[in-house]
Structure formats: structure tokens, C-alpha cells
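Here is how the chains run, residue by residue.
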Amino acid sequence: MNYQDTVSWMFQQLPMYQNKGKSAFKKDLSNTLKLSAQLNHPEQKFKSIHVAGTNGKGSTSHMMASILQEAGYKVGLYTSPHLKDFRERIKINGDVVSKQFVTGFIKRNKAFLESNNLSFFEMTVGMAFDYFAKKHVDIAIIEVGLGGRLDSTNIITPELSIITNIGFDHTQFLGTTLPEIASEKAGIIKQSIPVVIGETQHETENVFKNKAEENNSEIYFADQLIHDVLESDLKGTYQLKNIKTVMQSVEVLRKSGFRITEAHLKNGLSNVVKNTGLQGRWQILSTIPKIICDTAHNKEGLTYIFGQIEKECFNQLHIVFGVVNDKDLNSIISLLPKSATYYFCKPNVQRGLDENTLKDYFHAKGYVGKSYVSVNEALKSAKINANSDDFIYVGGSTFVVAEVV
């Protein structure tokens, strides 16, 4: 199989959350542990930092990688989902894994993967850990896929655990209250390993404190400890919280012997996109008219986005919007301004919500807009309709953004 065949085969290994949703959620780590044993426990051969949270974990992971790269470390970075190419999920110092490694890994392990019915996500985690071990990274930043306690990444013993914040997302798996969701994320807190919590939240603070105490782990609430925030090339206002989380995390790493100077910290935060290739975070696609895309897709993320849009100067707002079919639209509809013109579209994944269903839901709530067969058709129409002093926002789902960056 060539690279494209290999990735197609991986995507067909059901179930896979990105396409399928709830049926892809695994209830334990047994498959991941089996694969780890088959690969001779690669996760034990490199140092790591584990990053969980409802929002901000991708940005936080990329910031951490950028800073450690600036400090001269060879840094692995595992994140999900990808926007354009599967290989974005597995990087070392900003360079994606080679096509040869992806095809070789599947070829070597295909019989094992098939006979044990490993999911797409499980095999991808195994591939990343195998790659980082074979390439002798100094440290790897490992972003949780979903939740924490039962996530395939949760077989590592990191140098540091980071939990950015807790919000209502993936409630069908993680629980319907903030303490329940926090409890799942707190599953990445390990015995005697320090943990940084990005945001102090009344409903979740004690969940984290209790779990840290149980594990004899030092706990730091970044928003209580960091007051002066450094600049970053990631410009969304919501990044301020992530920057505090990262700055506190660097403090903890310094205590444990990592050599990270103030210059490394500043340069790392200023060059996240250049160092890691991160896309889709308040990304400017055009300036006349201003077109911004962002992968925010839940209540908390979109609250920040529309708060930031309100601070922009423009005449008319145009919103290109699409979601996945298990999205709780009732939880986000009140955030979306009725004064905007909408361009409803279906992201090109199996889980994409039909554009007409989306349009009908919005129309019933008093919103104005038309439906389009694809994200690019919707954006093309928005560009035709927009004047030079208008503002176009593209979002609602990671998969919508993937089609425009």
C-alpha cells in the first residue's frame, strides 16, 4: 500500500470518532496497552508532557512545543484532529512524520492491528509513540484526544500534566456536569507528577485538588499565579488564558531541571506558527474584507470568538457556519448574533450535519441565511456579498476550517 492507501485503510478501521462520533469511544485502555506491548513499550523511552482540557489544549500543546524547541530540545508533538493531512498529528520540531514511516508502521503491524480490532485513534497513538521513541526525542507534548482517564494517550507517565479548563463538550461520553467532566480529565493526574490547571472554576477546583492530593501531586492554578502575560503570535483573546497556563507550566519544568530561559519563553510564544505549523486559531485568511477562521466549536470556545468579533470594526458581519451532527445546537445558538448574514454548509465528513437541516434550525430561531453544498461554495458566496469594510467569520467546526486553510 502507498501512503494514500495506508491512510485510507486506517480511516476505515472502525470505529473512528472523527467520522463516526459516539460509537468510536472506547471504554478502557486494553487495546492501547496491547499495542504498546507489541511495540516494546515505546512510551517508556521518552519524556513527555500530557495536555488535556475542553478548550485550548491544542494551542497550549503547540505553545509548549515551540518554547521547548527554542530551548534547543528535540520535541515530539502529538495532536488531533488534523486539518489537511493525517501527518499533521505527529511532528518533531515542527516537521510532520514521513509518509514512509506511516506506511512502514502499518505494514509491520497490520496483522496485529486487524486481529485485535484496534481503532484509528489507538493505532495512531501507537504510531506516534513508536516514532518518538525511534527518533529519540528529548521530550514529547502529548495532547489528549477525548477526556483523559480512558483516552488512548493515558498510558504515559509524564514529567507534567496540564489541564487547561473544563466546559461542556462530548457530554455523551464524559458526563453532563462540570465535576463529572473534570473527573474524567483529572484521570491524567499521575502519582507524584505535578499538574498545572489553566483556569480555576468553582465547580471543578475541588475535583482537581482532591485528585492531586490522592496522587501526592503538586497542583498549580495558573490563573492564580501568573499575572503578567507575554505576547504570542496566536492572537485570539482566548489565548491569554492559554499563555498563563504555558507560563506556569514552564515554571514547573524549570524546577525539574529543564533549561528554559526568559528568551526561550518569549521567542517560543512569539513563533508558535513558524515553529510548529499550527493553523486555524483566529487565523486571518484575508484583510479586505477581513476573513477570519477559527476551530472553536463549543459553547466556551465560541463565547470567546464572538466576544472578540464584537471588538472588531466592520459594517456587516457574514458567518460561514457548519457543524457535526451530534452538536448540541441549543447550547450555542444564543451566542450567535442575529444581525449577521449566515451561509450554512456541511463539512465534508461523515458526521457533518446536513446544511438544510442546519438552515431550518436557524430559520426557526429567527436567523437569516442560505444553505450551500460545500464550505467553499458558502465562503465564495460570502465573499461576493461582502463589501470591503465587512467581516467574514468561518467556523463552527474544526472540519469547516480544514476546508478553507
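Remember, predicted model here, so these are calculated numbers, not experimental data. (Residues numbered from 1 in each chain as written. Predicted model: local features only at pLDDT ≥ 70, side-chain atom pairs only at ≥ 80, totals over all residues. Heavy atoms only, no water.)

Another aspect to go through is the overall build of the protein. The secondary structure content of the protein amounts to 17 helices and 14 strands. Across the 405 residues in the protein, those meeting the buried criterion constitute 59%. Relative to all contacts within the protein whose residues are 6 or more apart in sequence, the contacts with residues 24 or more apart total 75%. With the model as given, the accessible surface of the protein reaches about 16,500 Å², and the carbon-plus-sulfur share is 48%. Counting 45 positive and 42 negative side-chain charges, the protein places the centres of these two groups 4 Å from one another. (Helix = DSSP H or I, 4+ residues; strand = E, 2+ residues; numbered from the N terminus. Buried < 20%, exposed > 50% of the residue type's maximum accessible area, 1.4 Å probe, protein only. Contact = heavy atoms within 4.5 Å. Areas by Shrake-Rupley, 256 points an atom, 1.4 Å probe, with all protein chains shown as cover. Lys, Arg positive; Asp, Glu negative; His and termini not counted. Charge placed at Lys NZ, Arg CZ, Asp CG, Glu CD.)

Moving on, we get to the sheet that holds strand β12 (residues 341-345). The strand order across the open sheet formed by six strands is β9-β10-β14-β11-β12-β13, and the pairing between neighbours is mixed. What marks the edges here is a single partner per strand, and that holds for β9 (283-287) and β13 (368-372). Going across the sheet, the axis of each strand differs from the next one's by a mean of 20 degrees, ignoring polarity. Sheet topology note: the β12/β13 ladder contains five bridges and is parallel. Within the sheet, the bridge partner assigned to Tyr342 lies in β13 and is Gly369. Seen against the sheet, helix α15 (residues 355-364) touches β11 (317-321), β12 and β13 and runs at an angle of roughly 175 degrees to β13. (Pairing = 2+ DSSP bridges. Axes fitted to C-alpha atoms, helices over the stretch in contact; angles between N-to-C directions.)

All of the buried residues along helix α12 (residues 262-270) are His264, Leu265, Gly268 and Leu269. Take α12 and look down its axis: the buried residues cluster within an arc of 120 degrees, on one side only. Buried-residue contacts for α12 involve α4 (57-70), α11 (239-255) and α13 (272-276). (Arc of directions from axis to C-beta.)

Next up on the list: the state of the cysteines. With the rule as written, the count across this model stands at zero disulfides. This cysteine, Cys293, is not joined by any disulfide, and Cys345 carries the nearest cysteine sulfur, 12 Å off. What makes Cys293 buried here is its relative accessible area of 0%. (Disulfide = S-S within 2.5 Å.)

This brings us to the packing of helix α1 (residues 3-12) against helix α5 (residues 99-115). Two elements in contact, α1 and α5, have axes separated by 9 Å at closest approach and are oriented at 45 degrees. Viewed along their axes, α1 and α5 adopt a mutual orientation that is oblique. Taken as a pair, α1 and α5 cross one another with a handedness that is left-handed. Across the interface between the two elements, Tyr3, Thr6, Val7, Trp9 and Met10 of α1 pack against Lys99, Val102, Thr103, Ile106, Lys110, Leu113 and Glu114 of α5. The class makeup of the residues in the contact of α1 with α5 is seven nonpolar, two polar and three charged. (Parallel < 35°, antiparallel > 145°, perpendicular 65-115°, else oblique. Left-handed = near helix turned anticlockwise from the far one by under 90°. Nonpolar A, V, L, I, M, F, W, Y, C, P; charged D, E, K, R; others polar.)

Time to look at the sheet that holds strand β2 (residues 75-78). Backbone hydrogen bonds hold the strands of a sheet together, and the pairing may be parallel or antiparallel. With mixed pairing, the eight strands of this open sheet are ordered in space as β4-β3-β2-β5-β1-β6-β7-β8. If you trace the sheet from one side to the other, it starts and ends with β4 (95-96) and β8 (219-221), each paired once. Where strand β7 (residues 195-197) lies against β8, three bridges are found, and the strand directions are parallel. Bridging from a neighbouring strand, Val195 pairs with Ile219 of β8.

Next up on the list: the pattern of salt bridges. Going through the model one piece at a time under the given rule, you end up with 14 salt bridges. With a closest N to O distance of 3.0 Å, Arg149 and Glu184 form a salt bridge. Linking Arg149 in the loop between β5 (139-143) and β6 (160-163) with Glu184 in helix α8 (residues 178-185), this pair joins segments that are 35 residues apart in sequence. (Salt bridge = Lys/Arg side-chain N within 4 Å of Asp/Glu carboxyl O.)

Let's shift gears to the packing of aromatic side chains. Here a ring pair, both rings aromatic, is described through the centre-centre distance and the interplanar angle of the planes. Under the counting rule described, the total for this entry stands at 20 aromatic pairs. Ring centres of Phe344 and Phe362 lie 4.9 Å apart, and the angle between their planes is 45 degrees; on these two criteria the pair is classed as tilted. Linking Phe344 in strand β12 with Phe362 in helix α15, this pair joins segments that are 18 residues apart in sequence. Members of the aromatic cluster, each reached through a chain of ring pairs, are Phe46, Phe101, Phe105, Phe129, Tyr131 and Phe132. In this structure, Arg87 packs its charged tip against the face of Tyr3, placed 5.5 Å from the ring centre. (Phe/Tyr/Trp six-rings, centres within 6.5 Å; stacked < 30°, edge-to-face > 60°. Lys NZ or Arg CZ within 6 Å of the ring centre and 35° of its normal.)

Glancing now at unusual backbone geometry. Glycine aside, a negative phi is what most residues show, and trans is what most peptide bonds show. Put simply, Ser80 and Pro81 share a cis peptide bond, and its omega is -10 degrees. Structurally, Pro81 is set in the loop between β2 and β3 (90-92). Here the amide bond leading from Ile288 into Pro289 is cis, since omega sits at -10 degrees, within 30 degrees of zero. Mapped onto the secondary structure, Pro289 falls in the loop between β9 and β10 (290-293). Look at Asn117: it is not a glycine, yet its phi comes out positive at around 55 degrees. One non-glycine residue with positive phi stands out, namely Asn216, at about 55 degrees. Relative accessible area serves as the criterion here: at 55%, Asn216 is assigned to the exposed category.

Let us now look at the environment of Ser98. By the secondary structure assignment, Ser98 is in the loop between β4 and α5. Residue class for Ser98 comes out partly exposed when judged on its relative accessible area of 29%. As for Ser98 and Tyr131, which are separated by 33 residues in sequence, their C-alpha atoms are 9.9 Å apart. With residues near it in sequence (within four places) discarded, Ser98 still touches Arg87 and Tyr131.

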